[in-house]
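Structural characterization, general
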Amino acid sequence: MTRRLLPSSVALALSVSGCTQPLRLARDDSPTVLAHQTLTAPNPSARGSFAVRTLYYGSGKDKQRAEFREGVALRTKSVDGSKFATGPTPALTKDRKKYWGFGFDSLPVNGRVWYPDGPGPFPLVLVVHGNHNMKDFSDPGYGYLGELLASRGYILVSVDENFLNGNIRGENDARGWMLLQHVKAWKQFNDSAGPFRGKVDLNNIGLMGHSRGGEAVAVAGAFNRLSHYPDDATIAFDFNYGIKALVAIAPIDGQYEPASRPTPLSNVNYLVIHGSHDGDVSAFSGLRQYQRIRFTDGGRWFKSAVWMYRANHGQWNTVWGNKDGGPASARFLDLRGLVPAEDQRQMARVYISAFLDATLKGRTEYLPIFRDHRVVGPWLPRTMYVTRFMESGFHSLASFGEDVEVASGTAPGVTIVAESLATWKEGVVPLRWTNANAGHSAVWLGWNNRIAGPDTMKTGKPASYSVSLSDSLRSAWGVGSGSAVAFSLSTTTATPGPLSAHKDTTKKDSTKAAGPKKPAPKPPPTPKKVPTAADSLPIELSIEVVDSKGTSARLPVGRYGPVRRPIEVTVLKRKGRDKSNFANLWEMIPQSYVIPLADFVAAAPALDPSRLATIRWVFDGTRAGTVVLTDVGLTNIDPVFLAPAPR
Amino acid sequence: MAGSARGLAILVLAATTAQAQSAPLAPLALRLSGGTRASGLGQAFVAGRGAEVIFFNPAQLGILRSSMISLQRFGSAATQGTFATVGPFGRLAIGAGVQYLDYQSPATTSHFIRPADLAAGGPFNSMSLVATVAAGRVIKGIRVGAAGKYVQENVGGVRDGGLALDLGVAREVGRTTVGLSVQNIGGGIGILGEPARLPTRVSAGIFSPSILLTQYFDLVVALSVSRERDGRIVPAGGAELFYQPVEGWIFVGRVGGRRVETGLTSKESPVTLGGSFGLDRLWLDYAFQPSRGDGASHRIGIRIQ
């Protein structure tokens, strides 16, 4: 019997393991990239000096949770959200009402609060979960942030929106609107007798959200400044709270669109974080909102997007954990590649605490983190990160989306020239999802410096791509020694073929000689492309600036941030499923680089940055490759963003 | 709708009670399970889903687009083949099915034998056929369906046929499916002057949703109770344990039980066993019904759903 069972068991095990793909992780460069700490400041993930107290506020009538029933220290009025959210069907709406004990016309304003034991006033930070099983309550999952932030002098509220979870869709306006109802309640707490009287700094409010909650913070940020609800103007808004900071954790984008348009946002600090191995929101869709944020009022604002390799969707919430698709998701998600949950939360502690300190408390020493994650390498869990960054001093030379003329830039008077490129085209940056994009454009630049022919070592002049600006533009923007070149760049897997050899026009062309044509010589067989070690090495390229006198200086881009090959991600367990479910195995997330003109001057002291004429990307370090370049500009960046980069 | 279904059920119950034990039941194929999965679950399939539900309750046709084919052997003397296909079609759900039984009849005291006697064989080449077309739709949240059948029995070259009707209703209560069906309503057939009544049956049952046990295991439970035309009450039930290590690869173990005819001559076992392997939409099914003595039944099937 055993003899008969054994082969069957082996065959079964082999067939099951055969359909599961082997764990594939990219080569981790963090031992190098994160090796140095150049920022001198206390670690923002360290517990602060305040003792932490907790309490609950809410309707006091909650059917499911004692903490929001008899446990409430402060009572709040329920609000009518029926114009913002509805149930999927009458029957399911009835079921939901039966479970919760209230309908959409009577939504409770429930929150669990971690707050510092001190006189205040303290900045107010709300965090809201996203969609999940509504009966598996999500709001306790941010206790780790509550403990940290309260000890560092913040009032942290984890907002209960579990009653908007489950089987409803298109309700992210309700989620955002509810956040503003909470802020309204806090204004009352601050103005009334009670534990928070006079303790809330309502001029410094931060909103954080996870998943659908991550989109909800952008909706709340937009609603905060609107006079009316865009989808039903019979509802007047009167918020205008002091919301200075928005944090989106693995957000979705576009689930709700005010007046059927992507949510616009301006003049607010924005941080978005996302994991490569997100099994729910499997593309960095928060980049779309990142791209839509505008700085128009002359204030000091910034935005940053951080992608963490091997992080998932749920581990930023201790209730959600590693199974992004529900309790049975280990059947289809490959959980083996995930970083430990504690590492993922440590990343959140560092970034969120530093972001709030920088934006709500004016702790400028943390600002460089959001430009270049390498400056705090030892604080971060060892994995790979990509950072996008832009601050309000940025002026766009080329964003590649304003027209279809590749030789002109975004600002007037900008001209673009390419030399020896094999690929030069503009397009919309795709997301990993099929038929989805990141909401902005870029230019694809491919090169191969080798000259076609039998001599495989023969190379031509390195390919280059130049953006030139006019004198008037330079003057208008006040470009000078304090300015910096800023751009974002991603690599791709495409490798163009070698350049054609230039014809020698001094010799007679034998192919045009009289008489019968000789048969063309058979071209040598094209060798099969075999991946080599060089394909996994970082791409090297230089950036050169030239002033109007012709003085130039060149620096390696890699000094200002990693220039990695695309990082392939396999989220799904079954072999081949990632390829069939996603447009790409890798996400195109351009890394931002900010290179002070002063660094070029240090390399070539004769260079005059106030007469900057041309910025040139020179593909001189790697023989062939393709990069995607976007958000090219100049910035009069506040020096507080410029901690020394690791060398 | 539910009220009219109740009324119909009472009418048929009364009729079956009055006529109980007065004549043999035929055709034989109508007394056999039509599908492999259902066989493994003790035929507790009145609220089931998939193609083979056409043999149990036409109200359930539209749950899944599915097709199946199966082959069953009773000892070495009889073979049944079945085919069914069902699925939604616009606002309707439609389906078609065939059961064909090839067997040897002893034809001793009666021309009509019981399922328990199939494995014993006999001198007369016989066959039993059921061809079914069915349709269903949803009315006010309740699924309703009807099936028309052509039935035929051929014993030793003498045959007779007739028509039969199935009616069914089903709906979800929470996440559990509840089904009720009345099957084989019709006049009956006769062989060489011996009349047989259709095996009219009223069945009610439930089919649980997939219950998550652990991250890789699910459980499904099915229960039913039927009243047969001969007056017997037949409770039945079964459970399936699903193991899905990787999305799309599913291994299923199945056990079922149903009350069988009692008496010294009965060889049926009340226990049924089964298993399946599913790869995406393709399923291989197996069912086994032990027997006291010779004649255990083995069944294999293929499903696409």
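Since the structure is predicted, the reported quantities are computational estimates derived from the model, not experimental observations. (Residues numbered from 1 in each chain as written. Chains lettered and ligands numbered in written order. Predicted model: local features only at pLDDT ≥ 70, side-chain atom pairs only at ≥ 80, totals over all residues. Heavy atoms only, no water.)

**Some remarks on the overall build of chain A**
In terms of regular secondary structure, chain A is built from 12 helices and 23 strands. Taking 26 Å as the expected radius of gyration for a compact globule of 647 residues, we find that chain A reaches 28 Å, a close match to that expectation. Each principal axis of the C-alpha distribution contributes one length, and for chain A these read about 100 × 85 × 45 Å. Put simply, chain A has 647 residues, and 55% of those count as buried. Within chain A, residue pairs in contact and separated by at least 24 positions form 80% of the contacts whose partners lie at least 6 positions apart. As presented, chain A carries roughly 26700 Å² of accessible surface, and 54% of it is formed by carbon and sulfur atoms. Across chain A, 76 positive and 56 negative side-chain charges occur, with their mean positions spaced 7 Å apart. (Helix = DSSP H or I, 4+ residues; strand = E, 2+ residues; numbered from the N terminus. Rg over C-alpha atoms; globule rule 2.2 N^0.38 Å. Buried < 20%, exposed > 50% of the residue type's maximum accessible area, 1.4 Å probe, protein only. Contact = heavy atoms within 4.5 Å. Areas by Shrake-Rupley, 256 points an atom, 1.4 Å probe, with all protein chains shown as cover. Lys, Arg positive; Asp, Glu negative; His and termini not counted. Charge placed at Lys NZ, Arg CZ, Asp CG, Glu CD.)

**Considerations on the pattern of salt bridges**
Residue and element names in this part refer to chain A. Following the criterion strictly, the structure yields 38 salt bridges over all chains and no others. A salt bridge links E70 to R69; its shortest N-O distance comes to 2.9 Å. The structure contains a network of salt bridges with shared partners spanning E544, R554, R616 and D620. (Salt bridge = Lys/Arg side-chain N within 4 Å of Asp/Glu carboxyl O.)

**A few points about the environment of V618(A)**
Residue and element names in this part refer to chain A. Position of V618 relative to the elements: it lies in strand 22 (residues 612-619). Note on V618: relative accessible area 4%, which makes it buried. In sequence terms V618 and G146 are 472 residues apart; their C-alpha atoms lie 47 Å from each other. Not counting residues within four places of it along the chain, the set of residues in contact with V618 comprises P462, A463, S464, L541, S542, E544 and R554.

**Some words on a nonpolar patch on the surface**
All names here are of chain B. A cluster of nonpolar side chains, contributed by I69, F83, V98, Y100, L282, L284, I302 and I304, occupies part of the molecular surface with about 670 Å² of accessible area. Elements that contribute at least two residues to the nonpolar patch include exactly strand 3 (92-105), strand 16 (282-289) and strand 17 (297-304). Summarising the element assignment, I304 is placed in strand 17. Given a relative accessible area of 41%, I304 falls into the partly exposed group. (Patch = residues over 30% accessible without salt bridge, like charges linked within 9 Å, V, L, I, M, F, W, Y side chains within 5 Å.)

**Here's the deal with the confidence of the model for chain A**
Summary statistics for chain A give a mean pLDDT of 92 and a share of 91% for residues scoring 70 or more. In this model residues 509-515 of chain A is a low-confidence stretch, pLDDT under 50, and it forms zero contacts with partners more than four residues away in sequence or in other chains. (pLDDT = per-residue confidence, 0-100.)

**Topic: the packing of aromatic side chains**
Geometrically, a pair of aromatic rings is defined through the distance of the ring centres and the angle of the planes. Residue and element names in this part refer to chain A. This structure, assessed with the given rule, holds 40 aromatic pairs over all chains. When the ring of F84 is compared with that of Y229, the centres are 4.5 Å apart and the planes differ by 50°; the resulting orientation is tilted. A residue pair is termed long-range when its members are at least 10 positions apart, and F84 in the loop between strand 2 (72-75) and helix 3 (90-100) and Y229 in the loop between helix 6 (212-223) and strand 7 (243-249) qualify at 145 residues. The same class applies to F84 and to Y229, which are both buried. (Phe/Tyr/Trp six-rings, centres within 6.5 Å; stacked < 30°, edge-to-face > 60°.)

**Quick notes on the environment of F355(A)**
Residue and element names in this part refer to chain A. Assignment of secondary structure puts F355 in helix 8 (residues 341-360). Its relative accessible area of 0% is what places F355 among the buried residues. Separated by 311 residues in sequence, F355 and P44 have C-alpha atoms that sit 9.2 Å apart. Discounting chain neighbours no more than four positions away, the residues touching F355 are A245, L246, V247, N269, Y270, L271, F302 and F370.

**A closer look at the sheet that holds strand 19 (residues 542-547) of chain A**
Residues and elements named next belong to chain A. What the five strands build is an open sheet, ordered 14-17-22-19-20; its pairing is antiparallel. The open sheet has two free edges, formed respectively by strand 14 (415-419) and strand 20 (552-556), since each of these has just one partner strand. When strand polarity is set aside, the average angle formed by the axes of neighbouring strands in this sheet is 15°. Of the strand pairs in this sheet, strand 19 and strand 22 are connected by six bridges, and their pairing is antiparallel. Residue D547 lies in a different strand from strand 22, and its bridge partner there is L612. (Pairing = 2+ DSSP bridges. Axes fitted to C-alpha atoms, helices over the stretch in contact; angles between N-to-C directions.)

**Some words on the packing of helix 4 (residues 143-151) of chain A against helix 8 of chain A**
Residue and element names in this part refer to chain A. Close contact between helix 4 and helix 8 brings their axes to 11 Å; oriented N to C, the two are set at 40°. As judged from the angle between their axes, helix 4 and helix 8 are oblique. Handedness of the helix 4/helix 8 crossing: right-handed. Contacts from Y144, L145, L148 and L149 of helix 4 reach helix 8 at R345, A348, R349, I352, S353 and L356. A per-class count over the contact of helix 4 with helix 8 returns seven nonpolar, one polar and two charged. (Parallel < 35°, antiparallel > 145°, perpendicular 65-115°, else oblique. Left-handed = near helix turned anticlockwise from the far one by under 90°. Nonpolar A, V, L, I, M, F, W, Y, C, P; charged D, E, K, R; others polar.)

**Points about the nonpolar core**
Residue and element names in this part refer to chain A. Among the nonpolar cores identified, the biggest contains 132 residues, and I155, W186, F196, W316 and I369 are the most heavily contacted of them. At 10 residues, helix 8 tops the list of elements feeding residues into this core. Setting aside its immediate chain neighbours within four residues, F196 contacts L55, L74, V113, Y115, I155, W186, F189 and N190. A411, F487, I543 and L555 belong to the second-largest nonpolar core, a separate cluster that totals 43 residues. (Core = buried A, V, L, I, M, F, W, Y, C linked by side-chain atoms within 4.5 Å.)

**Overview of the environment of R53(A)**
Residues and elements named next belong to chain A. One can find R53 in strand 1 (residues 52-58). Its relative accessible area of 43% is what places R53 among the partly exposed residues. Put simply, R53 and P42 are 11 residues apart on the chain and 23 Å apart in space, counted from C-alpha to C-alpha. Setting aside its immediate chain neighbours within four residues, R53 contacts V113, W114, Y115 and D117.

**Here's the deal with the interface of chain A and chain B**
The interface of chain A with chain B comprises 14 residues on the first partner and 15 residues on the second. The tally of links from chain A across to chain B stands at four salt bridges. For R577(A), the salt bridge goes to D280(B), with nearest N and O atoms at 3.4 Å. Applying the counting rule to chain A against chain B returns nine residue pairs in polar contact (both at pLDDT 80 or more). By residue class, the composition of the side of chain A that touches chain B is seven nonpolar, two polar and five charged. (Polar contact = N/O pair within 3.5 Å; in protein donor to acceptor, adjacent residues only side chain to side chain.)

**Section: empty space enclosed by the protein**
Throughout the structure, instances matching the rule amount to seven cavities of 30 Å³ or more. Within this model, the largest cavity holds a volume of roughly 700 Å³. Lining the largest cavity are 50 residues, with R31(B), L32(B), Q43(B), R258(B) and E268(B) sitting closest to its centre. Elements with a minimum of two residues in the lining of the largest cavity: strand 1 (66-74), strand 7 (176-185), strand 10 (201-207), strand 12 (217-228), strand 13 (233-246) and strand 16 of chain B. Here the residues of the lining of the largest cavity are counted per class, giving 22 nonpolar, 17 polar and 11 charged. Estimated volume of the second largest cavity: approximately 190 Å³. Lining the second largest cavity are 16 residues, and of these V386(A), S490(A), R564(A), R565(A) and I589(A) lie nearest its centre. Of all the elements in the fold, those that place two or more residues in the lining of the second largest cavity are strand 18 (484-491) and strand 21 (591-596) of chain A. Of the residues forming the lining of the second largest cavity, the biggest block, three residues, is contributed by strand 18 of chain A. Here the lining of the second largest cavity is composed, by residue class, of 10 nonpolar, three polar and three charged. (1 Å grid on protein atoms, 1.4 Å probe; cavity = no way out; pocket = protein on both sides within 12 Å on 5 of 7 lines; lining within 4 Å. Points joined across faces, edges and corners; volume = space filled by probe spheres on them.)

**Some thoughts on the layout of surface pockets**
Residues and elements named next belong to chain A. Quantified by volume, the second largest pocket comes out at close to 490 Å³. Every residue lining the second largest pocket is counted, 22 residues in all, and those nearest its centre are N131, H132, N133, D280 and D324. When the residues that make up the lining of the second largest pocket are grouped by side-chain class, the tally is six nonpolar, 10 polar and six charged.

**Some points on the pairing of strand 15 (residues 423-430) of chain A**
Look at any regular strand and the pattern is simple: side chains alternate between the two faces of the sheet. Residues and elements named next belong to chain A. Bridge analysis of strand 15 against strand 16 (residues 437-448) gives seven bridges, and the strand direction is antiparallel. Counterpart to K425 in the pairing with strand 16 is W444. As consecutive antiparallel partners, strand 15 and strand 16 are separated by six residues, and within that stretch N435 has a phi angle of approximately 55°, a positive value.

**With respect to the pairing of strand 5 (residues 142-155) of chain B**
All names here are of chain B. Judged by how many residues are buried, strand 5 sits mostly within the fold: 11 of 14 residues are covered. One ladder, built from 14 bridges, connects strand 4 (residues 124-139) with strand 5; its direction is antiparallel. When the bridges of strand 5 are listed, R137 appears paired with V144. The loop that links strand 4 with its antiparallel partner strand 5 comprises two residues; one of these, K140, has a positive phi angle of about 50°. Between strand 5 and strand 6 (residues 158-173), which pair antiparallel and follow one another directly, the connecting turn spans two residues, one of which, G156, has a positive phi of 60°.

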